[in-house]
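Spelled out, the chains give:
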Amino acid sequence: MTADIRSGTSTHDLQDQRAARVEKLISAMTLEEKLAQLYGLWAGASNDGAEVAPHQHDMDRPPTLDELLPHGLGQLTRPFGTVPVDPALGALSLMRTQERVVAANRFGIPAMAHDECLAGFTAWGATTYPVPLSWGAAFNPALVREMAGAIGHDMRSVGLHQGLAPVLDVVRDARWGRVEETIGEDPYLVGTIATAYIQGLESAGIVATLKHFVGYSASRGGRNLAPVSMGARERADVMLPPFEMAVRESGVRSVMHAYTDTDGVPCAADEDLLTGLLRDTWGFEGTVVADYFGIAFLKTLHGVAADWGGAAAAALTAGVDVELPTVKTFGQPLREEVAAGRLPEEVIDRALRRVLAQKARLGLLDPGWSPVPPALADAALHDPQRLRGTVGLDSPAHRAISRRLAEQSVILLSNDGMLPLDRPRRIALIGPQADTPTAVLGCYSFPVHVGAVHPGTEAGVELPTLRQALAAEFPDSEIVTAPGAGVDSTGTDGFALAVRVARDADVVVAALGDRAGLFGRGTSGEGCDAETLDLPGVQRQLLDALLDTGTPVVVTLLAGRPYALGRAATEAGAIVQSFFPGQEGTPALAGVLSGRINPSGRLPVSVPRLPGTQPSTYLAATLAQVSEVSSIDPTAAFGFGHGLTYTSFVWSDLETGDSRETGDLLETGTDGSVRLSFTVRNTGSRSGVEVVQLYLRDPVASVVQPVRRLVGYVRLPLEPDERVRVGVTVPADLASFTGRDGRRVVEPGELELCLAASSTDIRLTAGALLTGPVRRVDHTRELHARFTVTGAGGE
């Protein structure tokens with residue numbers, strides 16, 4: 001069999017041609033060639049344009065590219081996100097490696113190349129965007145979709161095929177280090193924002209990857225990779241809905257299993273999850289890829305496999321198709337399982353068919369496929385040095401998207417009238433985030449994720465500090481800075497100078513928050529879990545010292561998770577929260593302080609009043625609220641969905657329609673819907689955005705329900721005195737939950753539909769009565785309330 005197997009001459013349509021090629025390949029391949037398509041090699045692109053070289057890691061010496069090439073290669077892992085590399089030379093390096101891959105295997109099959117793209121393409125010089133927690137804060141799926149399209153465009157331009165994002169984990173314990181990577185603590189918000197991101201990435205031709213499937217964020221004690229103890233109902237009603245929505249609505253083509261085990265069953269070996277639910281029930285047709293080293297962890301961490309072959313067979317049988325980041329168990333150990341008769345070759349063919357079908361849909365099996373990426377289409381490929389600096393990944397258009405998202409994600413938590421600042425004579429900027437360029441970046445941004453282990457390497461993008469942003473925003477003000485303390489330092493030696501500077505100022509801007517990092521090198525990020533939700537180090541003590549000066553204090557937070565702020569929650573003049581807002585973040589923050597930007601962000605996670613009340617989210621039942629039988633009050637200082645603006649809105653004129661009224665209740669069947677309409681008016685003197693949030697309360701059900709849960713939302717930008725009429729149709733399906741028998745049902749009974757500015761600020765309430773029998777629903781049920789917005793003009 002030679003390379004012409006890819007050059008089918010069938011007159012059928014392209015899809016049929018590609019399917020035929022896949023089947024021909026499977027029938028012609030040896031076992032070694034089949035397995036080669038099911039694993040990757042960790043490779044970092046060369047800065048001189050040479051072929052990629054394997055990255056050394058802690059799972060023994062990986063094989064070299066030369067050792068693997070004769071049988072083929074399924075994936076190239078992180079060619080751009082491993083070392084700092086000029087984008088043009090990185091693209092050339094990847095292209096040359098693909099040429100070698102194609103030339104070396106009998107069938108000329110290229111490798112898929114993947115990289116990280118959580119808060120932007122993780123490559124040197126690429127635009128950095130706000131982290132996912134800020135996407136949630138913006139409550140703006142359309143803008144997130146636009147951002148993801150920009151990220152995908154840059155990735156595709158340099159030869160990549162797959163991005164390892166987004167994260168659909170729902171926050172259950174904010175001590176978990178990866179909270180910054182999540183979209184929030186509500187499954188509906190997570191699902192809608194993540195689905196938009198996937199649509200954007202996929203529209204650019206990049207395979208998106210849902211992660212982490214499922215339950216990773218609910219680990220015990222908020223510890224990374226700890227066991228998960230949730231019950232089947234919590235898993236079904238809180239953790240799974242975002243993934244279900246994404247599979248149904250986004251066109252996603254890949255899923256990554258979670259590291260964790262739930263009730264003793266590791267996700268990587270859970271056939272009911274990866275095959276029974278994901279594929280057989282939901283109809284997912286793409287590939288399931290391993291989280292890095294996750295298959296080997298079945299032996300080393302979970303203890304459900306005695307050897308590498310057992311781990312490989314368990315994962316493959318469960319439904320994992322591709323081992324990442326490099327081959328460990330899907331090579332020789334899997335061959336031995338087949339030879340010993342412990343694993344049918346048909347199981348390998350099943351995964352292979354999915355992998356090759358995905359490559360076919362990407363055009364990698366088409367006749368005439370070229371490894372030359374779009375960015376190098378007209379380049380002088382023979383002269384690498386002339387290429388240096390010719391490919392840009394931080395265009396003005398993409399920076400503008402980053403800026404808009406940063407601006408829309410800033411949350412004004414409190415304000416006693418102090419903001420906007422009125423041209424203060426002297427600003428004391430105090431705190432560890434005052435003059436730190438990377439204070440705006442999460443742990444998966446390139447300057448933090450990779451640049452941190454390459455000291456001396458330039459960030460590759462402009463990262464104005466908060467001091468610089470304030471200087472630009474307040475050109476007539478004197479700005480005096482003092483760090484006071486480091487992000488996680490324990491000493492208070494810097495307090496005296498900070499207090500002195502504060503007392504001599506008209507206003508104090510406290511610059512507090514996190515340092516993103518990995519595995520203990522930061523206070524936020526993967527493996528950087530927190531014991532409590534007190535501010536890291538001595539930052540709360542520093543904040544208290546600033547409050548004691550008597551100078552008005554504005555608290556600003558550049559952080560990866562919410563923190564309890566102690567006295568400042570009630571004593572600070574204002575509190576402005578930002579979750580690692582990317583390279584345009586400090587100008588956005590400064591613009592909110594000056595009033596140039598009217599804040600419109602809303603909390604995607606609750607801000608705790610006390611640091612030790614975790615795990616706790618707004619999505620909780622009555623017994624999880626404050627009560628007389630516990631001395632712990634878990635009430636949040638600022639609840640999910642909260643956020644203030646510099647204008648004011650009035651909600652009025654609630655009307656009902658399209659259903660029969662019974663007393664004060666809207667009546668419809670358990671298969672019906674109800675419709676509400678109301679008016680929102682901007683009664684302030686400046687334009688602003690109101691975020692209408694729809695919550696559902698089910699006061700009596702056969703199983704315990706949360707006090708309320710988000711089932712819809714819409715952003716309303718309004719000019720002064722402008723008003724709009726908002727209509728919303730609410731299907732009864734949105735009241736469904738997992739019943740006692742483990743099946744999803746809609747039960748008859750009374751409901752409350754709460755139109756709210758936050759989970760703690762209900763503006764209008766309508767009662768509904770569902771009648772008829774208990775109705776079973778499945779993955780085809782309706783997932784969304786339908787909003788309409790019509791203008792009514794100003795007075």
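Colleague: Break down the overall build of the protein for me, with residues and values.
Modeller: Across its full length, the protein holds 21 helices and 31 strands. Taken over C-alpha atoms, the radius of gyration comes to 27 Å for the protein, in line with the 28 Å a tight globule of 795 residues would show. Referenced to the eigenvectors of the C-alpha coordinate spread, the extents of the protein come out at roughly 80 × 65 × 50 Å. The proportion of buried residues among the 795 residues of the protein is 63%.

Colleague: Account for the state of the cysteines, with residues named and values stated.
Modeller: Applying the stated criterion across every chain yields a total of zero disulfides. Looking at the unpaired Cys443, the closest cysteine sulfur is the one in Cys528, lying at 7.2 Å.

Colleague: Break down the packing of aromatic side chains for me, citing the residues and quoting the values.
Modeller: By the definition in use, this model includes 14 aromatic pairs. For the ring pair Trp135 and Tyr197, a centre distance of 4.8 Å and an interplane angle of 10° mean the geometry is stacked. Of this pair, Trp135 sits in helix α5 (residues 132–138) while Tyr197 sits in helix α7 (residues 187–203), placing them 62 residues apart in sequence. With a centroid separation of 5.1 Å and an interplanar angle of 80°, the aromatic rings of Phe139 and Tyr713 are classed as edge-to-face. Here Phe139, found in the loop between α5 and α6 (141–157), pairs with Tyr713, found in strand β24 (residues 709–718); they are 574 residues apart in sequence, far enough to count as distant. Grouping residues by exposure puts Phe139 and Tyr713 together as buried. Taken together, Phe139, Tyr188, Tyr618, Phe640, Tyr695 and Tyr713 form an aromatic cluster joined through their ring pairs. Over the ring of Tyr444 we find Lys211, and its NZ or CZ is 5.8 Å from the ring centre.

Colleague: Could you give an account of the nonpolar core, naming the residues involved and the relevant values?
Modeller: Residues Phe121, Tyr197, Phe213 and Ile430 are the most contacted members of the largest nonpolar core, which totals 221 residues. Once residues lying within four places of it in the same chain are set aside, the contact partners of Tyr197 are Cys117, Trp135, Val144, Met147, Ala148, Ile151, Ala165 and Pro166.

Colleague: Explain the sheet that holds strand β22 (residues 673–682) to me, and be specific about the residues and the numbers.
Modeller: The four strands are arranged β19-β22-β25-β31 in an open sheet whose pairing can be described as antiparallel. In this open sheet, the two strands that pair with only one neighbour each are β19 (649–657) and β31 (786–791). Taking each pair of neighbouring strands and ignoring which way they run, the sheet shows an average axis angle of 20°. Pairing analysis gives seven bridges linking β19 to β22, with the strands arranged antiparallel. Following the sheet pairing, Gly657 is matched in β22 by Arg675.

Colleague: An account of the pairing of strand β15 (residues 553–559) is requested, with residue identities and associated values reported.
Modeller: The side chains of a regular strand alternate, residue by residue, between the two faces of the sheet. When you tally the buried positions in β15, you get seven out of seven residues, the bulk of the element. In β15, alternate side chains face the same way, and those of Val553, Val555, Leu557 and Ala559 on one face and Val554, Thr556 and Leu558 on the other are all buried. Pairing analysis gives six bridges linking strand β14 (residues 507–513) to β15, with the strands arranged parallel. Across the sheet, Val508 pairs through a bridge with Val553, a residue of β15. One crossover worth recording links β14 to the parallel β15 by way of helix α19 (residues 539–548), and it is right-handed. Both β15 and strand β16 (residues 574–579) contribute to a ladder of six bridges, which runs parallel. Among the inter-strand pairings, Ala559 is bridged to a residue of β16, identified as Phe579.

Colleague: Pulling in residues and values, what's your account of the sheet that holds β14?
Modeller: The strand order across the open sheet built from six strands is β11-β16-β15-β14-β12-β13, with neighbouring strands paired in mixed fashion. Strands with a single pairing partner mark the edges of an open sheet, and in this sheet they are β11 (411–415) and β13 (478–482). When strand polarity is set aside, the average angle formed by the axes of neighbouring strands in this sheet is 20°. Lying on the sheet, helix α17 (residues 466–473) is in contact with β12 (426–430), β13, β14 and β15; it crosses β13 at an angle near 170°.

Colleague: Summarise the side chain of Ser524; cite the residues concerned and give the values.
Modeller: Structurally, Ser524 can be placed in the loop between β14 and α19. A distance of 2.6 Å separates a polar atom in the side chain of Ser524 from a polar atom in the side chain of Glu180. Every residue in contact with Ser524, bar those within four places of it in the chain, is listed here: Gly177, Glu180, Cys443, Asp514, Arg515, Ala516, Gly517, Gly560, Arg561 and Phe580.

The rules behind each value
Residues numbered from 1 in each chain as written. Predicted model: local features only at pLDDT ≥ 70, side-chain atom pairs only at ≥ 80, totals over all residues. Heavy atoms only, no water. Helix = DSSP H or I, 4+ residues; strand = E, 2+ residues; numbered from the N terminus. Rg over C-alpha atoms; globule rule 2.2 N^0.38 Å. Buried < 20%, exposed > 50% of the residue type's maximum accessible area, 1.4 Å probe, protein only. Disulfide = S-S within 2.5 Å. Phe/Tyr/Trp six-rings, centres within 6.5 Å; stacked < 30°, edge-to-face > 60°. Lys NZ or Arg CZ within 6 Å of the ring centre and 35° of its normal. Core = buried A, V, L, I, M, F, W, Y, C linked by side-chain atoms within 4.5 Å. Contact = heavy atoms within 4.5 Å. Pairing = 2+ DSSP bridges. Axes fitted to C-alpha atoms, helices over the stretch in contact; angles between N-to-C directions. Right-handed = clockwise from strand over helix to strand, strands pointing away. Polar contact = N/O pair within 3.5 Å; in protein donor to acceptor, adjacent residues only side chain to side chain.

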